[in-house]
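# Examination of the molecular architecture
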Amino acid sequence: MVDLSVQLKALRLKNPVMTASGTFGYGEEYLDFMDLSRIGGIIVKGTTIRSREGNDYPRMAETASGMLNAVGLQNKGVDYFVKNIYPRICDFDTNVLVNVSGSTVEDYVQAAEIIQELDKIPGIELNVSCPNVKAGGMAFGVSAKALCQVVKEVRAVYKKHLMLKLSPNVTDITELAKTAEDQGADSLSLINTLLGMSIDAEKQRPKLSTITGGLSGPCVKPVALRMVWQTYKAVKIPVVGMGGISNTADAIEFMLAGASAIQVGTANFIDPAVSVTIAEGIEDYCQRHGLKSAQELTGALKID
Amino acid sequence: MSSIANKQVLDFILYEKEEWPNSALMKFKTTESLPEILPGQFVQVKVEDSPQTYLRRPLSVNYIDRENSCLWLLVQKVGPGTRKLAALALNSKVNMILPLGNFFSLPEPKKESGLQNIVLIGGGIGTAPLLLLGKSLHELGYLPHFLLGGRSAADILQVEQFRVYGKVFITTQDGTLGEQGLVTEHSILKEMQPDRIYCCGPKPMMQAVASLAKKRNCWCEVSLENLMACGFGACLCCVEKTDKGHVCTCTEGPVFNINQLLW
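## Details of the layout of surface pockets
What the second largest pocket holds in volume is close to 750 Å³. For the second largest pocket, the lining is made up of 23 residues, of which A:Tyr26, A:Glu29, A:Lys76, B:Leu236 and B:Glu252 are closest to its centre. Sorting the residues of the lining of the second largest pocket by element identifies α1 (78–89) of chain A together with β14 (245–248) of chain B as the ones contributing at least two each.

## A few points about the interface of chain B and chain A
Each partner contributes to the interface: chain B provides 29 residues, whereas chain A provides 34 residues. Summing both sides of the interface, chain B and chain A together bury roughly 2600 Å²; the carbon and sulfur share of this comes to 59%. Counting across the interface, chain B meets chain A through 3 salt bridges. Put simply, B:Lys7 and A:Asp32 hold a salt bridge, and the shortest N to O gap is 3.7 Å. If you list the elements that add at least two residues to the side of chain B that touches chain A, you get β1 (8–19), β13 (239–242) and β14 of chain B.

## Thoughts on the pairing of strand β7 (residues 118–123) of chain B
The side chains of a regular strand alternate, first on one face of the sheet and then on the other. All names here are of chain B. A large share of β7 lies buried, amounting to 6 of its 6 residues. Here β7 pairs with strand β11 (residues 196–200) via 5 bridges, running parallel. By the bridge assignment for β11, isoleucine 121 is matched with cysteine 199. Two elements, β7 and strand β8 (residues 145–150), share 5 bridges in a ladder whose sense is parallel. The partner of isoleucine 121 across the bridge, within β8, is leucine 147.

## Some words on the pairing of strand β14 (residues 212–216) of chain A
Residue and element names in this part refer to chain A. Sheet analysis places strand β6 (residues 66–69) next to β14, joined by 3 bridges and oriented antiparallel. What sits directly across from asparagine 69, in β14, is glycine 214. The pairing of strand β11 (residues 194–197) with β14 spans 4 bridges and is classified as antiparallel. Across the sheet, residue leucine 195 finds its bridge partner in β14, namely glycine 214.

## A short note on the side chain of A:Thr47
Residues and elements named next belong to chain A. By the element assignment, threonine 47 lies in strand β4 (residues 41–47). Engagement of the side chain of threonine 47 in a polar contact is seen with the backbone oxygen of lysine 45, the distance being 2.9 Å. If we ignore the near neighbours within four places in the chain, the residues touching threonine 47 are Asn75, Gly77, Val78, Phe81, Val98, Asn99, Val100 and Ser101.

Definitions and limits used
- Residues numbered from 1 in each chain as written.
- Chains lettered and ligands numbered in written order.
- Predicted model: local features only at pLDDT ≥ 70, side-chain atom pairs only at ≥ 80, totals over all residues.
- Heavy atoms only, no water.
- 1 Å grid on protein atoms, 1.4 Å probe; cavity = no way out; pocket = protein on both sides within 12 Å on 5 of 7 lines; lining within 4 Å.
- Points joined across faces, edges and corners; volume = space filled by probe spheres on them.
- Helix = DSSP H or I, 4+ residues; strand = E, 2+ residues; numbered from the N terminus.
- Contact = heavy atoms within 4.5 Å.
- Buried area = accessible area lost by both parts, 1.4 Å probe.
- Salt bridge = Lys/Arg side-chain N within 4 Å of Asp/Glu carboxyl O.
- Buried < 20%, exposed > 50% of the residue type's maximum accessible area, 1.4 Å probe, protein only.
- Pairing = 2+ DSSP bridges.
- Polar contact = N/O pair within 3.5 Å; in protein donor to acceptor, adjacent residues only side chain to side chain.

Written as structure tokens, this is what we have:
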């Protein structure tokens, strides 16, 4: 019997598999396909203090082994979430974390305070890495000074699990990882999407209304894996790995590189029950390799 | 009113195929029982062994034979993914998510509604969902008018199948079949006042039809084909601006009454 549970500081996941914000709606979209109690947690759609219409269509461009998106944090705002969505999803038998984004430090702080009041939400994922919004978003995630301020102020008011989602669009991700750790983040999730671009050669026009967008899918996996490895070596807090994870082997690779848990993102669109398949696959892998606990995988990469 | 069945991921086998230069009619069977699929709904088809095709391909359901668990898709060869699909050999296994999206609003049976002229306008591959819709209308006692448009004769597909359920009218831009011109210019639209229009095709064509319907104060539904990633409301990529703001074409649509749209 393998113990699949993992611990992100005080937050316990029944297994290391979570689903990534922006790819899993509010979980309800997946109820026809899978049993949410079979995975460690879900991170619901990016939520902001006020309602956002998001960017204009077109917001998506397919790429080789992946896609670009420019959704731009479309959501109905935190009050709508509290009144209308939370009551529908609070009884899911898994950890439901809310991804929180904002344009100013005050936006983040206010949203975090409101979500803290929700008993069944054990943590938030602070999104300082969305590449698709004009004000704020990634601006907080690419400057150590700005990141320091937002994490510090949210930490001062938010007492539950504080996960910080890091941007890969930086020169040295470990600098930002260490900043977040120093300011009291409980865990780090990475990577958010890579800033990219796609052009329609015939029309000589960009494929996205915003010209640039966030790249995700299997094409980003090697970059993500490298960043998880670097971050794991640089900090002591748990790392949650993501970036193109589509199957069990991908998930295992991220754990070997140092991830305590993983998030499945874009692959949910193609195979809506893949997170359950991966959770089962990790158990099978542990059995085959004689591991008593999935936690033994974290950072177990052999490099001698 | 029928309700929407739970979404499923099902494997199908390709058992019959009819191919043209730019498109293919592909007939699939499943050993599972087929969920209820309503006219206008679509499926998300997984494309194997095509590295450039990461996402599933959203395709309208063309026809259903529920007793035999058969489903037809009409595939236009647009890019690597649809080319790969159209080239599949018989007996290939194909994975689909279905049923997705909303559906065309069906009227009451003809003897109760009193509606006379129901016109189904399709452009190019947009004719695909109109066959299943035509069948449903025929079962309700109607003899719909199918107005099919394309660039040339090669774009006009399934004429014989459409004739089973109603009258067929054709326009082609080069005049190789039917009347020359655009669907909105066809003489049938001048000769009668439609009670209802259902439309699917390229966006400029649907906008022209919508504008004609508005001018003539005619009820009209269109089916959009915005680019999408998931097909079930998670990615928020396929949005259309409506009177309620941005909504997902895959869950609130693909079928919209033209009054909902900001066209």
